[in-house]
Amino acid sequence: MLKWLEKNLPKIVLAPSVGLISWFVYGFILWTFYISFTNSKILPKYELWGVGQYVKLWGTRKWLIAVDNLLIFTVLFLVICIVIGVVLAIFLDQKIRAEGVLRTIYLYPMALSFIVTGTAWKWILNPTLGIEKLFVDMGFENFTFDWLVNREMAIYTIVIAGVWQSSGFVMALFLAGLRSIEDEIVKAAKIDGASLFTVYWKILIPMMRPVFFTSFVILVHISIKSYDLIVALTQGGPGISTTMPALFMTQTAFHKSQVGLSAASAMMMFMAVAAVIIPYLYSELRRENVS
Amino acid sequence: MSASTNIQYQKLEKRSRITNLLLRWFLYFVLALFAFYFIFPMYVMLVTSFKTMDEIRQGNLLTLPGQLNIESWAVAWGGRGYGAGDTYLRPYFWNSIKMVVPATFFSTFIGALTGYVLTKWRFKGDSWVFLFLLFGCFIPYQAILLPMARTLGVLGISNSILGLVFVHSIYGIPFTTLFFRNYYVSIPNELIKAARIDGAGFFKIFFKILIPISAPIIVVTVIWQFTQIWNDFLFGATFSFGKAAPIQVALNNMVLSSTSVKEYNVDMASAIIAGFPTLIVYVLAGKYFIRGLTSGAVKG
C-alpha cells in the first residue's frame, strides 16, 4: 500500500488540478453546450429542444449588431495595435536614449483594469466637458466631438480606449522579437548596401512572422472577450449600438433570464475562440517539438 | 564578423551621419508623440481628481487645478458620511485584498506543484495532460458562467469573497501551471536524480531543492495572478453584488450611479485608487510583469 502510494505520489498530486480543470472547464463547457440545445428560461431545463436557440440567436437583431460590432472592433483594434506596436518597437530598437522610461510609459496601461481605462476615457471623451472643450478652448470654436453618445460612432470610442490599453503590449512582444535577432544579420545587410528601411522591411519584419501570429491570436482573443471596457465606457449604448457578444451573453442570462439563448451565444463565442486558438496551439506545439 | 568587414561597416556608418541625425530627430519626435498619447489619460485623471467641480466646468482637460483639492479623494475613499446611498471604495478595496491574496496563493501553489510533476516526474502522456490544462487559459469565460453561478449557489458561497477566491483559484491554475512548467523544464534533471539517490522523496525535492531556486518564476506568477484577479470584472460582477463586491465592480457602480450631479473629480480619484495597487506593482517590478505578459498573456 505504502509502496503503491509512493510510486503514484506524483500522479496523486497532479490529480486535483486535472480534476478541477476537467470539471470546471471541460465539464462546464459541455453543460453550457447541452443547455444551448434546451428551451431553458430562468432555470435550466434538461429536455432537449433542438437547435431552436441558435435559430433564435441568429434572428435576434441585438445579436446581429453584436457580431457586427465585434467584426468592426476586431479589425480596427488588430490593425491599429499591430501598426503602433511594430512602429514603436522598431523605433525603440534604434539605441534610443531613455528607452527604459519610454517602454515603461508605453506599457503601463496594461497594468490597469479595463474598468479603470473605461472610466478615464469616458471622461476624456465626454461630449461637453472632455476633448471637445479642450479644442474649443484652443480656438477651434466649432469643434464637436460626440462619438460617445452617437450611435454611429460610439463603437470607435471603444477602439480608441482598447488600442490605448493594448498597443504597448504588442510593442513589448515585437521588441523582444527584434532583440532576439542577431546583430550580425543587420550589419551584413547594411554592408551589402541595404538602407535601414530595407533592412526592416525586407529582412527583419518577415522574420517576425511568429510574433505577428502571436499578437494576432492574443488581440483577437482579447477582442472576442471584450466585456469590461464596454460596460465601463458605453454599457452597450447609446441604445444597443455598441453591444458585443460577451455583453449580449451576460445580459441575456442575468437580466433577461433567457438561459438557453445565452448558452447558445456563449457557445458561439467559444467556437470563435477555438477557431483561432486550436491552430495556434497546434503550431506552437509543433515548434516546440522541432526545437 | 571579420576585422575588415567591421572597418567597412564603420565607414558606412560615418557616411550616413547627416541622414542619421535627421532620422533621429524624427524618431524622437514620434516616440515623444506616443509617450504623450499614453500619458495623457493618466495626466487627465490626476489633474481632474484634484479639481473642484467648478474648476472642471470652467477649465478643460489640460488645465491645472488652482490648488490641490483632496476632498474628492476623501469622498472616493471614505464617502460623505451620510447613510444610505453613500458608496465609497474603502470596504471594496479590502474585499479585493481579501480575495486577491488567498486566490493568488492557492493558484500559485497548485501551479508550482503541477508544473513540478509535469517536468520532473514525467510519465507517459504527460504532455497531453499539460495541453489539457493549458486549454483552460484560452476559453472565453462566458462558456462557464452559467454553470459556475449555479455551482456557487449549491456550495452556498455565491455572493461572497470566498466564492470569488474559489473561482479565481481554479481558473488561475492553467496559467500558473504554464509558468512553472516552462521554468522547471529548464532546470537540469540531474539535480533531481542526485537528490533521489540521496534518498530525498517527492515533497522533499520540491520544498528543499526546487522552491529555493524558483524565486524568479514565483515573482512572475504572483504578479500575473495578482494583476489578473485584482483587475477582474466579469467574475466579480457576475458572482457578487452589494457588500461582497470587489473594487472594480464597486468602481463601475460608483461611476454609473447617476444620483444628482455627476462628480468627475470623485470618479477620477476612484479610478486611480482602483488602479493603484497594480500600477505600483508594475512600477516596482516591471521587468517581471513584462516577462509574465510575454510568456503567458493570452488572457484578455
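A quick note: this is a predicted structure, and the numbers were derived from the prediction, not measured. (Residues numbered from 1 in each chain as written. Chains lettered and ligands numbered in written order. Predicted model: local features only at pLDDT ≥ 70, side-chain atom pairs only at ≥ 80, totals over all residues.)

**A look at the overall build of chain B**
Part 1 of the argument: The secondary structure content of chain B amounts to 15 helices and zero strands.
Part 2 of the argument: Within chain B, the fraction of its 300 residues that count as buried is 45%.
Part 3 of the argument: Intrachain contacts of chain B at a sequence separation of at least 6 include 76% that bridge at least 24 residues. (Helix = DSSP H or I, 4+ residues; strand = E, 2+ residues; numbered from the N terminus. Buried ≥ 20, exposed ≤ 12 C-beta atoms within 10 Å, placed from the backbone. Contact = placed C-beta atoms within 7 Å.)

**Some words on the overall build of chain A**
Part 1 of the argument: Assigned secondary structure in chain A consists of 13 helices and zero strands.
Part 2 of the argument: The secondary structure elements of chain A, listed N-terminal to C-terminal, are α-α-α-α-α-α-α-α-α-α-α-α-α.
Part 3 of the argument: For chain A, the C-alpha radius of gyration of 24 Å lies well beyond 19 Å, the compact-globule estimate for 291 residues.
Part 4 of the argument: Dimensions along the principal axes, computed over C-alpha positions, put chain A at roughly 75 × 70 × 35 Å.
Part 5 of the argument: Counting the 291 residues in chain A, one finds 45% classified as buried.
Part 6 of the argument: Restricting the contact set of chain A to residue pairs at least 6 apart, pairs at least 24 apart contribute 69%. (Rg over C-alpha atoms; globule rule 2.2 N^0.38 Å.)

**Considerations on unusual backbone geometry**
Residues and elements named next belong to chain A.
Part 1 of the argument: Look at the link from G237 to P238: it is a cis peptide, with omega at -5 degrees.
Part 2 of the argument: Phi at A98 is positive, roughly 60 degrees, even though this residue is not glycine.
Part 3 of the argument: Structurally, the position occupied by A98 is in the loop between α3 (61-92) and α4 (99-107).

**A word on the confidence of the model for chain A**
Part 1 of the argument: Per-residue confidence for chain A gives a mean pLDDT of 89; residues scoring 70 or more make up 99%.
Part 2 of the argument: The least confident element of chain A is helix α8 (residues 183-191) of chain A, whose mean pLDDT is 82; the most confident is α3(A), at 95. (pLDDT = per-residue confidence, 0-100.)

**Some remarks on the domain arrangement of chain B**
All names here are of chain B.
Part 1 of the argument: We note that the domain assignment places domain 1 (3-69) and domain 2 (90-296) within chain B.
Part 2 of the argument: Here domain 1 and domain 2 have C-alpha centroids that lie 34 Å from each other.
Part 3 of the argument: Contact with domain 1, which involves six residues of that partner, is made by seven residues of domain 2.
Part 4 of the argument: Secondary structure elements with two or more residues in the side of domain 1 that touches domain 2: α2 (17-49) and α3 (53-58). (Domains from an automatic or database assignment.)

**Quick look at the interface of chain A and chain B**
Part 1 of the argument: Tallying the contact residues gives 78 residues for chain A and 73 residues for chain B.
Part 2 of the argument: For the side of chain A that touches chain B, the element with the most residues is helix α1 (residues 2-35) of chain A, which contributes 16 residues.

**Structural notes on the environment of A:Y280**
Part 1 of the argument: Note that A:Y280 resides in helix α13 (residues 259-290).
Part 2 of the argument: For the pair A:Y280 and A:F216, spaced 64 residues apart in the sequence, the C-alpha separation amounts to 10.0 Å.

**Side note on the confidence of the model for chain B**
Part 1 of the argument: Confidence along chain B averages 87 in pLDDT terms, with 90% of residues attaining 70 or more.
Part 2 of the argument: Mean pLDDT across the secondary structure elements of chain B bottoms out at helix α1 (residues 3-15) of chain B, with 65, and peaks at helix α5 (residues 90-120) of chain B, with 95.

**Some thoughts on the nonpolar core**
Nonpolar side chains tend to gather and get buried jointly when the protein is soluble and globular.
Part 1 of the argument: Counting 168 residues, the largest nonpolar core has A:F174 and B:I144 as its most contacted members.
Part 2 of the argument: When residues of this core are assigned to their parent elements, the largest contribution, 15 residues, is made by helix α7 (residues 154-179) of chain A.
Part 3 of the argument: Among the domains, domain 1 (3-69) and domain 2 (90-296) of chain B are the pair contributing at least three residues each to this core. (Core = buried A, V, L, I, M, F, W, Y, C linked by C-beta atoms within 7 Å.)

**What about the packing of α4(A) against α2(B)?**
Each pair of packed helices can be described by the angle between their axes along with the distance between the axes.
Part 1 of the argument: Between α4(A) and α2(B), whose axes approach to 8 Å, the crossing angle comes to 40 degrees. In terms of their interaxial angle, α4(A) and α2(B) are classed as oblique. In this structure, α4(A) crosses over α2(B), and the sense of that crossing is left-handed. Along the contact surface, α4(A) presents A:L102, A:I105 and A:Y106, while α2(B) presents B:L31, B:F34, B:A35, B:F38 and B:I39.
Part 2 of the argument: Of the residues contributing to the contact of α4(A) with α2(B), the split by class is eight nonpolar, no polar and no charged. (Axes fitted to C-alpha atoms, helices over the stretch in contact; angles between N-to-C directions. Parallel < 35°, antiparallel > 145°, perpendicular 65-115°, else oblique. Left-handed = near helix turned anticlockwise from the far one by under 90°. Nonpolar A, V, L, I, M, F, W, Y, C, P; charged D, E, K, R; others polar.)

**Examining helix α7 (residues 142-155) of chain B**
Residues and elements named next belong to chain B.
Part 1 of the argument: Taking 1.5 Å as the rise per residue, α7 with 14 residues should run 20 Å; its terminal C-alpha atoms sit 20 Å apart, in good agreement.
Part 2 of the argument: Maximum bend of α7: about 30 degrees, positioned at M148.
Part 3 of the argument: What α7 keeps buried is the set Q142, A143, I144, L145, L146, P147, M148, T151 and L152. (Expected span 1.5 Å × (residues − 1). Bend = angle between axes of the 7 residues up to and from the residue.)

**Section: the environment of A:G52**
Residues and elements named next belong to chain A.
Part 1 of the argument: Mapping G52 onto the fold places it in helix α2 (residues 52-57).
Part 2 of the argument: G52 gets classed as partly exposed once you count the C-beta atoms within 10 Å, which come to 16.
Part 3 of the argument: Along the backbone, G52 and A189 are 137 residues apart, and their C-alpha atoms lie at a distance of 61 Å.

**Points about the environment of A:I82**
Residue and element names in this part refer to chain A.
Part 1 of the argument: One can find I82 in helix α3.
Part 2 of the argument: When the C-alpha positions of I82 and S241 are compared, they lie 26 Å apart, and in sequence the two are 159 residues distant.
Part 3 of the argument: When sequence neighbours within four positions are dropped, the list of residues in contact with I82 reads V170 and S215.

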